[in-house]
Structures are given as C-alpha cells and as structure tokens.
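Summary of the model geometry
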Amino acid sequence: MLPNLPKNFEEFSKLTWAEIEPFFDMLYERPLVAETLDEWMRDWSAVADLVSETVTRYNVATTVDTTDEAAEKRYLSYLDDVITPSRAAEQELKQKLLASGLQPEGFEIPLRNMRQQAALFREANLPLFNEEAKLGTEYSKIIGAQTVQWEGKELTLAQLRPYLENPDRAVRERAFRVSMERRLQDRQALNELWVKFFELRQKIADNAGEPNYRAYAWKDKLRFDYTPDDVLRMLDAIEEVVVPVTRRLLEHQRSQMGVDVMRPWDSDWRLTIDPLNRPPLTPYKTGEELGEKTTAIFRKVDPKFGEYLDIMQREGLLDLDNRKGKAPGGYCTYFTNVKRPFIFMNGVGVHDDVHTMLHEGGHGFHAFESSHFPYYQQGDVPIEFAEVASMGMELLAMPFMTVEQGGFYSQADANRGFADHLLKLLRFWGYMSVVEGFQHWAYTHYQDALDTANCDAKWVELWGRFMPVEDWSGLEPALQSYWHRQLHIFEIPFYYVEYGLAQMGAVQVWRNSLSDYKTAVANYRHALSLGGTRTLPDLFAAAGAKFSLDASTFREFMPLIEDTMVKLEG
C-alpha cells in the first residue's frame, strides 16, 4: 500500500503535483520482482485511478455547464499542473515494467498495448495534448452557446428538434432554416478552430516521427487488427452494398410523402420524420421518466442491467435533460476510483433520446461488468468493441419498448420506432463513411485541408457518394459546413469508424437474439466482462459475432434488415 494515499476524489483533488509526485517516485524506486509484482501493480492502479477520476470529474463539470468559468479554469489548470507531469511519470513506470520482463496474470493484451504506448511516447507532446483538450473546450463553448428565437422563446438547437420532426412540412422547413442560419453564424470561428486543431495534430505526429496524424492516430488508438486501407475498402463495401438499399428505402419514403424530391427537412438522418405525416413519437416528458422507463426495459433484457441503472439513479450519475449552456451530444464516462459510470445527454422528449439512453446505458453496463479487474490497464477496452456494448443494447432492448413491458409506446408506435431505427442504422453506415472518408483525406492531404474551402468541397463530394436522395439546392452553405456539426472531427479525430465496425457486431448480436434471446444476452454480457484482456476479434467472437470489414458480411445483414422493416410497417 502507498502510505498516505487518499482514498477518494474529494481528498485527492486537494493535492498539488508536488504532493502527488512522491507516490509515483515510490513506485519507481520500489524493487519490482515476481514476488512484489501484484502489489506494485495494484498500487500503481490506485494512484492512476485517482488521477484519472479527478480529471474526468473536472471535465464533466465543464460539459454540464459550459458557462461555468471556475469549472473550466479548474479543469484546464489540472491538465497543465497534474496531467502533463503524471503522463511523464506513467511513462517511467511503463518502462520499468517492460524492462522487468514480468507479465502480470491476465495482462498479455494490456502489455502489448503498453509496448506500443511506450514506443509512441514523446515528452514534447505532453503540453500539446493539453492544448488539444483546451481547444476541445472551446468547441463545446461555441456549440453550447447556439440558441435561436422560436415563437417568442429562446431555445437551444437541441430544444428545436421537436419542430424539426413536426408532421407539418412547412414547420420543419422553417425550423431547419432557423437552425441553419444560427449554425452559419459560427462558421468562421469554427473554421479558425479547425486550423488550430489541425496544425497542432501535425506537430504531434511530427514529434512522434510519424508521416502524418493518421499514422500517429492508428498507433495511439492501438489498432492492431485492421489498417487504414482496410477502412477505405470498408467504405467501398458500404457504397456497393448498403447505399443502394438505403436509396431504395428512401425513395419509398419519398413516394409515401408525395413529394418530387426530398429536402433536408424531409430526411435528415439524425431525425425521426414520419413519411405518412403522423405526429412525432413523444415517449417521455422528463429525464426522470426517461430513466425510470429505460430501467424497466433494461431489467427485461437482464435483471442485472436494471440494478445497474438503479444504482446510477440513486447516486446521481445521470444528467439527461437539455438546457442552455450544456455541451452538445451524449456520452458515458467512467469514474475510475469509485468504479462508477456517468451518463450525460441532451434529452428533449423525442424518440432519438430513448436510443441515446439505451446506447449510453450499454456503455455504463460495460463499465460495471468489467470493473472487477485488479489493474486499471485491464479495463482499457477497444472502442470498436465498447461500441458493440452500446449499439448492441439498442437492438436487444427492442422487444421491450411497449407500455405493457414498462416502456414508452403502443405496439404500433414501438414498431414504427424500430423501423425508423433500422433505417437510421443503414443511413449511419453511409454517414460514418462521409466522416471517416473526410478524416482520411484531411490528415493525408495536410496542405489542402488547411484551406477550409477544400474541406467544404471534400465533404460535399463524400456526401454525394454516401448520402443519396436529399436535394440541397439553395442550401449549399449549410451542406458545405455540415462537418462543423460533428464533434468527433474536432475533438476526437479518427474516433468514428469504430461506430461502423461496432454496428456490424451489434447487428450480429441482434440476429443471434432472434433465435435464442437468452443465450445471445448471456454471450453479450460475458464479452463485456472481459474488459480489455482479449484481442478485438476475440471480443467480437465472445459476443457471438465475427470481426469483419468486407462486403460479404454487409450482404449477410441486408435481407434481415429489409425484411424486418417490411414486417414492422405491416
């Protein structure tokens, strides 16, 4: 045990780096042999968990209220004062363990990861990582401040969403144009922020001796099981197999709507717009109701999942409702010392909020299921599989969405919502291809991508390739700058293909559940419990899926998805 090490965030957060550094020094100076290995690793995990939880809690505080200047200052100071030196100290401990030749039990994959991390480490990059995080905070502040006037009220863009899903086409168009005009007001600021991000990331790659940031990111994200070229071939497969099915389904919707062309307010892939002009699904009114009903659904999937969400509700680990000043999007993060997940989202009472909650709930359950490992590195799950946990949960929950099951809808509305989800699933593969293709181009064409006009043009080109049917005539600036809306492009580059890969795993888990639900859920839960102690293909296999990026695998899914949609629509 490390003497005088605080046991919780409240105590640890009071320490300066001068008071934290001795814990790392003691670990570095302590003899490391087979007999002391387990205690040494546990003590390392104890201090690392406290550092991680502190910075995570500080970061969360900046997202729940982007106007809280004290929270922002506290977070940014911690990055400089503690996180930068702690990364250097962590590097020394990694080198010590690697030099010892010892391998803790259940540590083959974490040790493989550690070797790559140690090789990629450059002290010159530590302040650049902090600068990158600060730019991310700036992006959140810009997006979080976007509000519009609507019928005499100030609304966030998230709160405008119900009007974007209104059955009245004229209302949808008006809401779209209002939101478009507001987004375009920040176009110059976001372009300037992009250039700062972009130049900074090239410096990070240069410092690490990598030819470009894509090459750096591949190593940094520990991608051992597929290459950039594999991803580009996956995009080709999506264009070949998925896009034609999506086009056919959207043409059917256009015919149902009785319009000559679909405009963005008719078919935004992020929204639930009913082609028969039925009222939008309104599943809940408050975040508390959302939590209660999803708990009931999770309990039907597996009683343990319901227990997990009960714990999160009791311990104040859910922040579900949208409000002014709140950062965009949704996420599930993890407080490593107390071993608890935290879910953040921007609910406004629409159908997509339900799927966001199911999605982030899957992440939360992954955190609970894998929290039993003694060493913190064993919980470092590949994102490609972490997203199977979330996307798989969205699909596993579908049989329990009705009021009779404790959920949100009549059977007819549940069917309608599921059909919409499956269409979004197909469209997401296309959208993922746009985002991923954009990033592959940008980070391998550095000089071109410094000019944001070229970025706009590349985005439009990729949109035409992967997102068929919509007519953006007269709305070109909105489409050109649509990439500004994608948080990942700014804050977490190359974190997007994971969603596409994970969706392939999730669909396989769902397919298995159609023939043997109990076994499919058991396999899914077992895979979550493995944390980061298996390879990516092995984690997929444990969940009953194969890890694949090729066209033949996509072809396996298309009949199931289309046939299910036909049945759901009656």
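So, how was this worked out
- Residues numbered from 1 in each chain as written.
- Predicted model: local features only at pLDDT ≥ 70, side-chain atom pairs only at ≥ 80, totals over all residues.
- Heavy atoms only, no water.
- Helix = DSSP H or I, 4+ residues; strand = E, 2+ residues; numbered from the N terminus.
- Rg over C-alpha atoms; globule rule 2.2 N^0.38 Å.
- Contact = heavy atoms within 4.5 Å.
- Lys, Arg positive; Asp, Glu negative; His and termini not counted.
- Charge placed at Lys NZ, Arg CZ, Asp CG, Glu CD.
- Patch = residues over 30% accessible without salt bridge, like charges linked within 9 Å, V, L, I, M, F, W, Y side chains within 5 Å.
- Areas by Shrake-Rupley, 256 points an atom, 1.4 Å probe, with all protein chains shown as cover.
- Salt bridge = Lys/Arg side-chain N within 4 Å of Asp/Glu carboxyl O.
- 1 Å grid on protein atoms, 1.4 Å probe; cavity = no way out; pocket = protein on both sides within 12 Å on 5 of 7 lines; lining within 4 Å.
- Points joined across faces, edges and corners; volume = space filled by probe spheres on them.
- Nonpolar A, V, L, I, M, F, W, Y, C, P; charged D, E, K, R; others polar.
- Pairing = 2+ DSSP bridges.
- Phe/Tyr/Trp six-rings, centres within 6.5 Å; stacked < 30°, edge-to-face > 60°.
- Buried < 20%, exposed > 50% of the residue type's maximum accessible area, 1.4 Å probe, protein only.
- Expected span 1.5 Å × (residues − 1).
- Axes fitted to C-alpha atoms, helices over the stretch in contact; angles between N-to-C directions.
- Parallel < 35°, antiparallel > 145°, perpendicular 65-115°, else oblique.
- Left-handed = near helix turned anticlockwise from the far one by under 90°.
- Core = buried A, V, L, I, M, F, W, Y, C linked by side-chain atoms within 4.5 Å.

What follows concerns the overall build of the protein chain. What the protein chain contains, in helices and strands, is 25 helices and five strands. Here the protein chain has a C-alpha radius of gyration of 24 Å; the compact-globule value for 570 residues is 25 Å, and the two agree. Counting only C-alpha atoms, the protein chain reaches 75 × 55 × 45 Å along its principal axes. Considering only contacts within the protein chain whose residues lie at least 6 apart along the sequence, 77% involve residues at least 24 apart. When the 62 positive and 86 negative side-chain charges of the protein chain are each reduced to one mean point, those points stand 2 Å apart.

Turning our attention to a negative patch on the surface. Among the surface-exposed residues, Glu21, Asp25, Glu29, Glu92 and Glu123 lie close enough to one another that they form a single negatively charged patch. Here the negative patch gets three residues from one element, more than from any other, and that element is helix H2 (residues 17-29).

All right, on to the layout of surface pockets then. Where empty space is left in the structure can be found by rolling a water-sized probe over the atoms. Of the pockets and cavities examined, the second largest pocket occupies roughly 300 Å³. For the lining of the second largest pocket, the secondary structure elements donating two or more residues are helix H11 (228-257), helix H17 (411-444) and helix H25 (551-568). Per-element accounting of the lining of the second largest pocket gives the leading share, six residues, to H17. In the lining of the second largest pocket, the residues fall into eight nonpolar, five polar and five charged.

Before going further, it helps to examine the pairing of strand E2 (residues 153-156). As paired elements, strand E1 (residues 147-150) and E2 share four bridges and run antiparallel to each other. Looking across to E2, one finds that Thr147 is bridged to Thr156. Between E1 and the antiparallel strand that follows it, E2, lie two residues; Glu151 among them carries a positive phi value of about 50 degrees.

We now examine the packing of aromatic side chains. Aromatic ring pairs are reported here in terms of the distance separating the ring centres and the angle at which the planes meet. Enumeration over the complete set of coordinates arrives at 60 aromatic pairs. Here Phe400 and Tyr517 contribute two aromatic rings whose centre-to-centre distance is 5.7 Å and whose plane-to-plane angle is 85 degrees, an arrangement assigned as edge-to-face. With a gap of 117 residues between them, Phe400 in the loop between helix H16 (383-396) and H17 and Tyr517 in helix H23 (residues 517-529) connect regions that are remote in the sequence. On the basis of relative accessibility, which here comes to 13%, the residue Phe400 falls in the buried class.

Along its 21 residues, helix H9 (residues 187-207) runs 31 Å from first to last C-alpha, staying within 8% of the 30 Å computed at 1.5 Å per residue. Packed against the buried residues of H9 are helix H6 (126-144), helix H10 (213-220), H17, helix H18 (446-450), helix H19 (452-466) and helix H21 (487-491). Directly beyond the C-terminal end of H9, a positive phi value near 75 degrees is found at Gly209.

At a minimum axis separation of 7 Å, helix H15 (residues 351-369) and H23 run at an interaxial angle of 60 degrees. Here H23 runs oblique to H15, going by the angle between their axes. Seen from above, H15 lies across H23 with right-handed handedness. Contact residues: Gly362, Phe365, His366 and Glu369 in H15; Tyr524, Arg525, Leu528 and Ser529 in H23. Residues of the contact of H15 with H23, tallied by class, amount to three nonpolar, three polar and two charged.

Counting 153 residues, the largest nonpolar core has Trp194, Phe385, Trp429, Trp459 and Ile561 as its most contacted members. The element contributing the most residues to this core is H17, with 17 residues. Apart from residues no more than four positions distant in its own chain, Phe385 is found in contact with His366, Ala527, Leu528, Leu536, Leu539, Phe540 and Ala543. Within the second largest apolar cluster, 35 residues are counted, among which are Leu2, Leu37, Leu50 and Tyr78.

Here the focus is empty space enclosed by the protein. According to the stated counting rule, one finds six cavities of 30 Å³ or more in the structure shown. The volume enclosed by the largest cavity comes to roughly 110 Å³. In terms of lining residues, the largest cavity is bounded by Leu250, Gln253, Asp266, Ser267, Asp268, Trp269, Leu271, Ile273, Asp420, Leu423, Lys424 and Arg427. Every element with two or more residues in the lining of the largest cavity is listed here: H11, helix H12 (264-267) and H17. Of all the elements, H17 adds the most residues to the lining of the largest cavity, at four residues.

In this section: the side chain of Gln202. Within the secondary structure layout, Gln202 lies in helix H9. Exposure remark for Gln202: the relative accessible area of 10% places this residue in the buried category. Residues contacting Gln202, with those up to four places away along its chain left out, are Pro211, Asn212, Tyr213 and Tyr446.

Backbone geometry at Asn277 places phi at a positive 60 degrees, although glycine is not the residue there. Counting through the fold element by element, Asn277 comes out in the loop between H12 and helix H13 (287-301). By relative accessible area, Asn277 is classed as partly exposed at 43%. Look at Val469: it is not a glycine, yet its phi comes out positive at around 90 degrees.

The subject of this paragraph is the sheet that holds strand E4 (residues 331-335). The sheet built from three strands is open, its strands ordered E3-E5-E4 with mixed pairing. A strand with exactly one partner marks an edge of an open sheet, and here the two such strands are strand E3 (318-321) and E4. Strand-to-strand twist across the sheet, computed as the mean angle between neighbouring axes with direction ignored, equals 15 degrees. Here H15 sits on the sheet and contacts E3, E4 and strand E5 (340-347); the angle it forms with E5, its principal contact strand, is near 170 degrees.

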